[in-house]
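Residue strings, one per chain:
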Amino acid sequence: MSTAMNFSSKTFTPRPPDKGAFPLDHFGECSAFKEQFMECLRHSGYESAACRQRAMAYLECRMDRRVAQLMANEPLEKLGFKDLIKEKSDEKPDKS
């Protein structure tokens, strides 16, 4: 009994993920934000929804560090923080 092997001419070309993978913070520029986020996770029983403010702060830190290219600038709305941004703007009093 022989097995036929089908070798197609198509090749797989890998591409990097759209989100979720970014360079390590070798110089610890955002380590304080990361530690605050991790501490929040530990206190909340690893319920990430309770720590979204700290997650947003951490990602903002990474985006602000353009020289180290820790993360490309991306609107926070696209990263799932639209509701937190609205809350933040609602807290600011109007300058009327």
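Residues numbered from 1 in each chain as written. Predicted model: local features only at pLDDT ≥ 70, side-chain atom pairs only at ≥ 80, totals over all residues. Heavy atoms only, no water.

Asker: Any chance you could explain the pattern of salt bridges here in plain terms?
Answerer: For the coordinates displayed, the defined rule picks out 4 salt bridges. For R65, the salt bridge is made with E29, and the minimal N-O distance between the two is 3.7 Å. With R65 in the loop between α2 (52–64) and α3 (82–91) and E29 in the segment before α1 (31–43), this residue pair connects regions lying 36 residues apart in the sequence. E29 gets classed as partly exposed once you look at its relative accessible area, which sits at 32%. Note that R42 is salt-bridged to E39, the shortest N-O span being 3.2 Å. Here R42 and its partner E39 are both found in helix α1, 3 residues apart, which amounts to about one turn of the helix. The class of R42 is partly exposed, set by a relative accessible area of 39%. With a relative accessible area of 35%, E39 lands in the partly exposed category. (Salt bridge = Lys/Arg side-chain N within 4 Å of Asp/Glu carboxyl O. Helix = DSSP H or I, 4+ residues; strand = E, 2+ residues; numbered from the N terminus. Buried < 20%, exposed > 50% of the residue type's maximum accessible area, 1.4 Å probe, protein only.)

Asker: Honestly, the state of the cysteines in this entry has me stumped. Any pointers?
Answerer: By definition, a disulfide links the sulfur atoms of two cysteines through a covalent bond. Taken as a whole, this structure holds 2 disulfides when the rule is applied. Covalent S-S linkage joins C30 and C61, the inter-sulfur distance amounting to 2.1 Å. The disulfide joining C30 to C61 has a torsion of about -90° about its S-S bond and is therefore left-handed. Taken together, the residues span a long stretch of sequence, with C30 in the segment before α1 and C61 in helix α2 at a distance of 31 residues. The same class applies to C30 as to C61, namely buried. (Disulfide = S-S within 2.5 Å.)

Asker: Honestly, α1 in this entry has me stumped. Any pointers?
Answerer: Helical geometry: 3.6 residues make up each α-helical turn, so side chains three or four residues apart lie on a common side. With 13 residues, α1 ought to run about 18 Å at 1.5 Å a step, and its terminal C-alpha atoms sit 18 Å apart, in line with that. Those residues of α1 that fall on the buried side of the exposure criterion are F37, C40 and L41. One face of α1 carries all of its buried residues, which in axial projection span an arc of 100°. At its buried positions, α1 is contacted by α2. (Expected span 1.5 Å × (residues − 1). Arc of directions from axis to C-beta. Contact = heavy atoms within 4.5 Å.)

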